[in-house]
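Descriptive structure summary
One-letter residues, chain by chain:
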Amino acid sequence: MAEIGAAGFDPTTPLSASGNLRRRQFVSRFTEAGATGAAVLAIAVLAILIYTVAARGAGALSWEFLTTGEPTGIGPALIGTAVIVAIATAIATPVGVLIAIYLTEFAGPRATRFMKATLDLTNGLPSIIIGLFIFGLLIKPLEKQMAFAASVALAVIQLPLIARGSLEVLLLVPGNLREASDALGVSRWRSVIGVILPSALGGIVTATVLAVARAAGETAPLIFASSVFDATKVGLNPFEALPNIPVTIFFLSEEGNPTGFTRAWGASLVLIAVILFASLGARALLSRNRERTSR
Amino acid sequence: MLEPASASDVRPPRRNRSAERLRRIDRIGDGLLYGICAFACLLAVVTLLLVAYESVNGASPAISKFGLGFLTSTTWQPNFGEFGAGSLIFGTAFSSFFALLLGAPIAIAIGLYLSELAPKGVRGIVSPLVEMLAAIPSVILGFWGILILAPFVHERIEPFLHDTLGFLPIFGEPQTTGASVFTASLILTIMIVPIIASISRDLFLAVPRELQDGASALGATRWEVVRGVVLPSTGSGVIAASLLGLGRALGEAIAVTQVIGAGSEIKASLFETGDTLAGRIANQFPGAITELHQASLFYCGLILLVIGLLSNLLAQRIGRRFAYAQGVK
């Protein structure tokens, strides 16, 4: 673009023939190639990663692998992960959405800045620290591991994601909807429940799904809260340690046993598939919402 | 919140009773909504404070035993009750800074590609793919790291770097396996690139088009537009993004502990084994039986928490100054 502009619009072309211009254009081309190369590199790494996991995990996949317990399959771990993440999401979603509502409907600028900083700090906490936190808060006093503690830890990880995501869509709710609701004399809580939340629902669901995808793969807090379990049978009691996919992969990878590696690749493939589908789905939902609100 | 009071004044008297009831319900509803929203915010703040409290509380036996000497001592012998985080702090800084050194330029280049070079259709495909890289769970990245990346690094990259750049002490003799600080840094690089890339892409896209077109019209090449207009106006934002990436790298536990090899000495070479604060916690906490061992691991967590909070606050400060400068313009 720049080159065309410089050369194409000047009839005397004072810029085109000098060696200096050639050098400048070379530098420009060189950096353009570098930037493109960086993008290609990132995508190549992603492709290699997914290809390896798919190629090595596909061999392990079977109906038996998905439904039976140790040592042949990962069924109980799948169910355990689902239970842990479901409870976490059930805790984090209402809290996150309520924080977002507080920030858009009630808070002044100072409270908003403070809460945003709190959410960013929570988002920046390393997950291992959240694991230590949940160990000190629940596991150590109660002297036993339980899936519920893992859920609380994952909820702490999800909370900032859901709150920030909901906040963004709540801010996008058209002002005239709010004003119309106010003009009809509708009280604040009725317009939040009846007008504002429904029009932001798509975005809130997107944020929640992304948070689920993030929580499903978290390993560090689960090592503290739900890592000593019986992986041979399905457990549903959240007050016991439940088998789960990330810790299963972690332990198998540390063991150094080839058949264990095959199982770990299979479990990785299942986990990656779930996470990528969830985030792709959330993304599709988001772009559909964007189109609708921008119209 | 104000409207029901004035609205009811002009209503005809016969509807007064139902209006009265409605107003009472609305007052309760508004109060309730405000109450639970404020409670949710309080919960978030309390959680953050509790995280800090639990870290200090869990670490207190180790703090009272070792004091600040913990930060510099490099002995870590659980059997003898001797703990020091010196080599872990070194390992954390070494691996994270190397990852940032490698990752930040790549990520900024990707951000530039996505905002300046890529056609719209390509951008719509490449952006989600780059972000997908951030969605890969760290345990899978670490597992891939041990089985695929580490052997490759050990057989190809390490000998090559040692042969060509071996005069630098950081590129020392390759060790017996690929588990090394270098491999851990590469894994960390893969983790932080998508974070920095997507933030910097958004920053670059926010640079006013007219400024860039103006520079182009003056005869600037694309690179000169980037160097003269795009980077100067987004510099502090890019630094903030890099700090966020650094924070992520410092705190990553699982993937690092899988590939770094759990060495406990300070070595200048990237190709030696090492360990980080977070990696040590993930590796040893399940087997930590004595109270002092646990407390020492909590102490490591506390150090990590302080470093993490500081870098995050710094990033926020820079980011806010940047937003402020943007707003003024």
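Residues numbered from 1 in each chain as written. Chains lettered and ligands numbered in written order. Predicted model: local features only at pLDDT ≥ 70, side-chain atom pairs only at ≥ 80, totals over all residues.

Turning next to the overall build of chain A. Per the secondary structure count, chain A includes 12 helices and zero strands. Along chain A, from the amino end to the carboxyl end, the secondary structure elements read α-α-α-α-α-α-α-α-α-α-α-α. Taking 19 Å as the expected radius of gyration for a compact globule of 295 residues, we find that chain A reaches 25 Å, considerably beyond that expectation. When burial is assessed residue by residue, chain A has 45% of its 295 residues classed as buried. (Helix = DSSP H or I, 4+ residues; strand = E, 2+ residues; numbered from the N terminus. Rg over C-alpha atoms; globule rule 2.2 N^0.38 Å. Buried ≥ 20, exposed ≤ 12 C-beta atoms within 10 Å, placed from the backbone.)

With that settled, the discussion passes to the overall build of chain B. Scanning chain B for helices and strands turns up 11 helices and zero strands. Along chain B, helices (α) and strands (β) appear in the sequence α-α-α-α-α-α-α-α-α-α-α when read from the amino end. Whereas a compact globule of 329 residues would reach a radius of gyration of roughly 20 Å, chain B reaches 27 Å, over 25% beyond that. Seen along its three principal axes, the alpha-carbon backbone of chain B occupies a region of about 90 × 65 × 35 Å. A separation threshold of at least 6 residues defines the contact pool for chain B, and within that pool the share at least 24 residues apart is 76%. (Contact = placed C-beta atoms within 7 Å.)

Residue and element names in this part refer to chain A. Along the chain, glycine 80 falls in helix H4 (residues 75-106). When the C-alpha positions of glycine 80 and proline 238 are compared, they lie 8.8 Å apart, and in sequence the two are 158 residues distant. Glycine 80 has contacts with Ala147, Gly235, Leu242, Pro243 and Asn244, leaving out every residue within four places of it along the chain.

Here Phe261(A) shows up in helix H12 (residues 258-294). In sequence terms Phe261(A) and Gly57(A) are 204 residues apart; their C-alpha atoms lie 9.4 Å from each other. Sequence-distant contacts of Phe261(A), defined by excluding residues within four places in its chain, comprise Leu252(A) and Leu147(B).

Attention now goes to unusual backbone geometry. All names here are of chain A. If you check the backbone angles, glutamate 143 has positive phi at about 55° while not being a glycine. Along the chain, glutamate 143 falls in the loop between helix H6 (127-142) and helix H7 (147-172). For glutamate 143, a count of 6 C-beta atoms within 10 Å corresponds to the exposed category.

All names here are of chain B. According to the domain assignment, chain B contains domain 1 (3-66) and domain 2 (72-328). Taking only C-alpha atoms into account, the centre of domain 1 sits 39 Å from that of domain 2. Counting residues at the interface gives 11 residues for domain 1 and 11 residues for domain 2. (Domains from an automatic or database assignment.)

So, about the nonpolar core. With 187 residues, the main nonpolar core has Ile99(A), Ile134(A), Ala153(A), Ile110(B), Ile140(B), Ile196(B) and Ile281(B) as its most contacted residues. A per-element tally of this core places H7(A) first, with 17 residues. Every residue in contact with Ile140(B), bar those within four places of it in the chain, is listed here: Val53(A), Ile249(A), Ser268(A), Leu271(A) and Ile272(A). (Core = buried A, V, L, I, M, F, W, Y, C linked by C-beta atoms within 7 Å.)

Residues and elements named next belong to chain B. By secondary structure assignment, the location of valine 256 is in helix H9 (residues 254-259). On the basis of neighbour counts, which here come to 36 C-beta atoms within 10 Å, the residue valine 256 falls in the buried class. Expressed as a C-alpha distance, the spacing of valine 256 and valine 126, which sit 130 residues apart in the sequence, is 27 Å. Not counting residues within four places of it along the chain, the set of residues in contact with valine 256 comprises Ser95, Ala184, Thr276, Ala278 and Gly279.

Since the α-helix turns once every 3.6 residues, residues separated by three or four places project in the same direction. All names here are of chain B. Between the first and last C-alpha of helix H6 (residues 181-205) there are 35 Å, a value that for 25 residues agrees with the 36 Å anticipated at 1.5 Å per step. Along H6, the helix axis deviates most sharply at isoleucine 192, where the bend reaches about 30°; the proline proline 194 sits within four residues downstream. Most of H6 sits inside the fold, with 23 of its 25 residues counted as buried. (Expected span 1.5 Å × (residues − 1). Bend = angle between axes of the 7 residues up to and from the residue.)

So, on to the interface of chain B and chain A. If you look at the interface, chain B gives 80 residues, while chain A gives 77 residues. Looking at the side of chain B that touches chain A, the element that brings in the most residues is helix H2 (residues 16-66) of chain B, giving 22 residues. Residues of the side of chain B that touches chain A, tallied by class, amount to 57 nonpolar, 17 polar and six charged. (Nonpolar A, V, L, I, M, F, W, Y, C, P; charged D, E, K, R; others polar.)

Moving on, we come to the packing of helix H5 (residues 109-124) of chain A against H2(B). In contact at an axis separation of 10 Å, H5(A) and H2(B) are set at 45° when each is read in the N-to-C sense. When the axes of H5(A) and H2(B) are compared, the pair comes out oblique. The element H5(A) and its partner H2(B) pack so that their crossing is left-handed. Across the interface between the two elements, Met115(A), Thr118(A), Leu119(A), Leu121(A) and Thr122(A) from H5(A) touch Cys41(B), Ala44(B), Val45(B) and Leu48(B) from H2(B). Class assignment of the residues belonging to the contact of H5(A) with H2(B) gives a composition of seven nonpolar, two polar and no charged. (Axes fitted to C-alpha atoms, helices over the stretch in contact; angles between N-to-C directions. Parallel < 35°, antiparallel > 145°, perpendicular 65-115°, else oblique. Left-handed = near helix turned anticlockwise from the far one by under 90°.)

With that out of the way, let us pick up the packing of H4(A) against helix H9 (residues 188-216) of chain A. Residues and elements named next belong to chain A. With their axes 9 Å apart at the nearest point, H4 and H9 run at an angle of 140° to one another. Classed by the angle they form, the pair H4 and H9 counts as oblique. Crossing geometry of H4 relative to H9 is assigned as right-handed. Side by side, H4 and H9 meet where Thr81, Val85, Ala88, Thr89, Ala92, Thr93, Val97, Ile101 and Glu105 of the first sit next to Arg188, Val192, Ile204, Thr208, Ala211, Val212, Ala215 and Ala216 of the second. Residues that form the contact of H4 with H9 fall into these classes: 11 nonpolar, four polar and two charged.

Glancing now at H6(A). Residues and elements named next belong to chain A. Here H6 contains 16 residues, and its C-alpha end-to-end distance of 21 Å stays within 8% of the 22 Å for a straight helix at 1.5 Å per residue. The largest bend along H6 reaches roughly 45° and is located at phenylalanine 135. Considered for burial, the residues of H6 that qualify are Ser127, Ile128, Ile129, Ile130, Gly131, Leu132, Phe133, Ile134, Phe135, Gly136, Leu137 and Ile139.

Turning next to the confidence of the model for chain A. Residues and elements named next belong to chain A. Per-chain confidence: chain A averages 86 in pLDDT, with 91% of residues scoring 70 or above. The least confident element of chain A is helix H1 (residues 2-8), whose mean pLDDT is 46; the most confident is H4, at 94. Across residues 10-17, confidence stays below pLDDT 50; counting only partners more than four residues off in sequence or on other chains, it has eight contacts. (pLDDT = per-residue confidence, 0-100.)

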